[in-house]
Amino acid sequence: MRLKCCLLSAAELIVTPKSSVMYEPIQVFGKNLPKSSEVALRTTLVNTENKFHFESLNRYRTNVFGSFSSAFSPTLPGSGYTGVHTSGPLWSMRPMEGSRARLQMEKIDTELEYQFELLDSNNDLLG
């Protein structure tokens, strides 16, 4: 009898490019995830100096290889946008309570840092 054993790799979330200007598209790619299952991508932008807190939550179904891409995978119901768009996780962000309504900076050269979190169907952190 032959047994085949494999180790599950840790979930990975890859955002490319690592740095860009606002009008350049970004792609979010998840891999080593549960196959054919629902995952949620939470994208957050917080800047206390400019008093804003924006967030989006988008749901995707992973493929048979356990991956998804914002450039190729359609969103599921309950997402911040519908369909496929490479930069959808960014442009679908909405202001949270207490935030400025618009993304307008005091200083134009302010660098923005987005945070991406990958959650399973129970909203537990995957990566």
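Note: the structure precedes this text.
Reference entry: report on the structure contained in this document. Please read these numbers as outputs of a predicted model, since none were measured by experiment. (Residues numbered from 1 in each chain as written. Predicted model: local features only at pLDDT ≥ 70, side-chain atom pairs only at ≥ 80, totals over all residues. Heavy atoms only, no water.)

Quick word on the packing of aromatic side chains
Turning to step 1, where the next piece is worked out: This model, assessed by the stated rule, comprises three aromatic pairs.
Turning to step 2, where the next piece is worked out: An angle of 20 degrees between the planes, with centres 4.7 Å apart, marks the rings of Tyr 60 and Phe 68 as stacked. The two residues Tyr 60 and Phe 68 agree in class, both being buried. (Phe/Tyr/Trp six-rings, centres within 6.5 Å; stacked < 30°, edge-to-face > 60°. Buried < 20%, exposed > 50% of the residue type's maximum accessible area, 1.4 Å probe, protein only.)

Section: the pattern of salt bridges
Turning to step 1, where the next piece is worked out: One pass over the structure, following the stated rule, counts four salt bridges.
Turning to step 2, where the next piece is worked out: The closest approach of N and O atoms between Arg 42 and Glu 55, which form a salt bridge, is 3.9 Å. Note that Arg 42 is positioned in strand β3 (residues 38-47) and Glu 55 in strand β4 (residues 52-61), a separation of 13 residues in sequence.
Turning to step 3, where the next piece is worked out: Relative accessible area serves as the criterion here: at 23%, Glu 55 is assigned to the partly exposed category.
Turning to step 4, where the next piece is worked out: A network of salt bridges, in which partner residues are shared, links Arg 42, Glu 55 and Glu 117. (Salt bridge = Lys/Arg side-chain N within 4 Å of Asp/Glu carboxyl O. Helix = DSSP H or I, 4+ residues; strand = E, 2+ residues; numbered from the N terminus.)

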